[in-house]
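Summary of the model geometry
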Amino acid sequence: MSRRTDRLGKLFVQEISGLIQKGALKDPRVGFATISRVDITEDLSYAKVRVSVMGSDKEKRDSVIGLNNSAGFIRQVLGKVIKIRKIPELAFVIDENLEHAMHIESILAELKQKGDL
């Protein structure tokens, strides 16, 4: 990832997070979602938006579906705010890193409690 795409990714995180927090997305399926990272291809054609969602598996899936359905609107808003020639196509995916880290943390805590660590 180049410095430019890295900077753009961080800017996308701020702007998309702001839209979600303000309630600008009218889709009721978008629940408590947090944008954790945006990976943008070098040619700026695609962006993978990693989302952490609190809730059940169904709520997570519904939030991602709602975000993907709102992708056109989000791109439109990003195009007005960020002055680049081409706004990438957005694909929202669930970011499992937070859950994975919490799972590892619970295993380590359990081992520490047993005295194995």
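Here we summarise the structure given alongside this text. As the structure is a prediction and not an experimental result, all values here were calculated from the model.

**Digging into the sheet that holds strand β3 (residues 89-94)**
An order of β1-β2-β3 is seen for the three strands of this open sheet, with the pairing classed as mixed. Looking at the sheet topology across the chains shown, the edges are occupied by β1 (33-40) and β3. Strand after strand, the sheet turns through a mean of 25° between neighbouring axes, direction not considered. Pairing analysis gives seven bridges linking β1 to strand β2 (residues 46-53), with the strands arranged antiparallel. In the strand pairing of β2, Ile40 is matched with Ala47. Contacts from helix α2 (residues 57-69) reach β1, β2 and β3, with the element oriented near 175° to β3.

**A look at the packing of helix α1 (residues 3-22) against helix α3 (residues 71-81)**
Put simply, α1 and α3 touch, their axes get as near as 11 Å, and they point 125° apart. Viewed along their axes, α1 and α3 adopt a mutual orientation that is oblique. Crossing angle aside, the handedness with which α1 passes α3 is right-handed. Along its contact with α1, which presents Phe12, Glu15, Ile16 and Leu19, the element α3 presents Ile74, Val77, Leu78 and Val81. Taken together, the residues of the contact of α1 with α3 sort by class into seven nonpolar, no polar and one charged.

Procedures and definitions
- Residues numbered from 1 in each chain as written.
- Predicted model: local features only at pLDDT ≥ 70, side-chain atom pairs only at ≥ 80, totals over all residues.
- Heavy atoms only, no water.
- Pairing = 2+ DSSP bridges.
- Helix = DSSP H or I, 4+ residues; strand = E, 2+ residues; numbered from the N terminus.
- Axes fitted to C-alpha atoms, helices over the stretch in contact; angles between N-to-C directions.
- Contact = heavy atoms within 4.5 Å.
- Parallel < 35°, antiparallel > 145°, perpendicular 65-115°, else oblique.
- Left-handed = near helix turned anticlockwise from the far one by under 90°.
- Nonpolar A, V, L, I, M, F, W, Y, C, P; charged D, E, K, R; others polar.

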